Amino acid sequence: MKVIALCLIALGVTCDINLRHEEMLNTPFALIPKALQLQMYSEFVRDFNKEYSTEKMFVFLDNLKKIADHNSKGESTYKMGINFSADMTFEEFSKTYLISEPQDCSATVGGYIRKNAKIPDSFDWRDKDMVSPVKNQGSCGSCWTFSSTGALEAHARIHLKKNLDLAEQQFLDCAGDFDNNGCSGGLPSHAFTYLYYRGGIQQASDYKYKAKQGACVFDINKVVLKVPGGSVNITAGAEPELTEAVATEGPVSIAFQVVDDFRLYRSGVYTSTKCKNGPKDVNHAVLAVGYGNESGKDFYTIKNSWGAQWGMSGYFKMERGVNMCGVAVCNSFPKLLDKESASLF
């Protein structure tokens, strides 16, 4: 009750369900009173505008058990929490939000040439206001389009001093000839290559996002950003190159394999013993915007596309240096300049 009161006083509204029930979410599930479990489901339905369902309630309680038991063990470097997917099975979630078409990352042979630059021990492009706001892909496996626009928007700020909001829908509708499959998946490297050959990308306001694939209505006269250098791929597994590229070039599009526990991530440095890490295992594309170290564990700071209510305001930290879940096998960024850009350090 004290937490709820503080939320109401400080914000004028009831705060995040994870804050309201923080103590219980760090308690073994078996010790959470049944009445409180049901209350938490009712609050979840209200907070996330869900429809009450007995079937969904049991799914929620199963996920609540995973969250509470994981957190209460205190053995992990990350915490799990309640989010929009807490009433979904992983099978349901995968069909709706992840890449369903098999991907074979093209970034296994890189075009990036390591500079051996002296870079900081930690870095975050958000500190320089070079990262656009977190977006929400909705019920479509279009993560690859958001990873791509996120990279393009950041590089436009860094290298061209342009503040843009770019059209994910253009990729969904128009990039199929470049081995992309709309809501079934694609790769940012293919998206950047598409822009190189097709002349550029429009603003989101001119080509609105619909979370479903439609007919291509690209208008080259409304292009606001071109990619004359195409896609720069980083050699698969070369994490020193990836870290350097993030620091010296800008945010880098990456892909990895999402497994069940990741979707319920809330904070900390994510690690997993369940996920695979090969170039054909990836099922989600995101954007690395920085890196650092937390309690002795190196990590990447990564922007997701599941809305700002997910994770750490839409971001997460992933263990760095061990190709966690394949995070180092499918990395690329757009080259917006014909000439080499100077190091930023």
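In what follows, the structure referred to is the one given above.
Residues numbered from 1 in each chain as written. Predicted model: local features only at pLDDT ≥ 70, side-chain atom pairs only at ≥ 80, totals over all residues. Heavy atoms only, no water.

> How do you make sense of the overall build of the protein chain when you look at a structure like this?
Check the secondary structure of the protein chain and you find 9 helices and 11 strands. Its C-alpha radius of gyration of 20 Å places the protein chain within 12% of the 20 Å reference for a compact globule of 345 residues. Considering only C-alpha atoms, the protein chain reaches an extent of 60 × 45 × 40 Å along its principal axes. For the protein chain, the proportion of its 345 residues judged to be buried stands at 55%. (Helix = DSSP H or I, 4+ residues; strand = E, 2+ residues; numbered from the N terminus. Rg over C-alpha atoms; globule rule 2.2 N^0.38 Å. Buried < 20%, exposed > 50% of the residue type's maximum accessible area, 1.4 Å probe, protein only.)

> When you look at the pairing of strand β9 (residues 297–303) in this model, what are you seeing that I'm missing?
In regular strands, side chains alternate between the two faces of the sheet. Among the 7 residues that make up β9, 5 are buried, leaving the element largely enclosed by the rest of the structure. Pairing geometry for strand β8 (residues 284–294) and β9, over 7 bridges, is antiparallel. Bridge pairing in β9 places Gly 290 opposite Thr 301. Connecting β8 to the antiparallel partner β9 that follows it, the hairpin turn spans 2 residues, and Ser 295 within it adopts a positive phi of roughly 55°. (Pairing = 2+ DSSP bridges.)

> Can you help me understand helix α8 (residues 188–198) in this one?
An α-helix turns once per 3.6 residues; consequently, residues spaced three or four apart project the same way. Those residues of α8 that fall on the buried side of the exposure criterion are Pro 188, Ser 189, His 190, Ala 191, Phe 192, Tyr 194 and Leu 195. Phi for Gly 199, located one or two positions after α8, is positive at around 105°.

> Quick question: what am I supposed to make of the packing of aromatic side chains here?
Working definition: an aromatic ring pair is given by the centre-to-centre distance plus the angle between the planes. Under the counting rule described, the total for this entry stands at 32 aromatic pairs. With a centroid separation of 6.3 Å and 40° between ring planes, the pair formed by Phe 84 and Phe 93 is classed as tilted. For the ring pair Phe 171 and Tyr 194, a centre distance of 6.0 Å and an interplane angle of 70° mean the geometry is edge-to-face. Taken together, the positions of Phe 171 in helix α7 (residues 168–174) and Tyr 194 in helix α8 put the pair 23 residues apart, joining distant regions of the chain. Chaining the aromatic ring pairs together yields one cluster made of Tyr 78, Phe 84, Phe 90, Phe 93, Tyr 97, Phe 256, Phe 262, Tyr 265, Tyr 270, Trp 306, Trp 310 and Phe 316. If you follow Lys 317 out to its NZ or CZ, it ends over the ring of Phe 299, 4.7 Å from the centre. Stacked on the ring of Tyr 300, the Lys or Arg Arg 320 has its end atom at 6.0 Å from the ring centre. (Phe/Tyr/Trp six-rings, centres within 6.5 Å; stacked < 30°, edge-to-face > 60°. Lys NZ or Arg CZ within 6 Å of the ring centre and 35° of its normal.)

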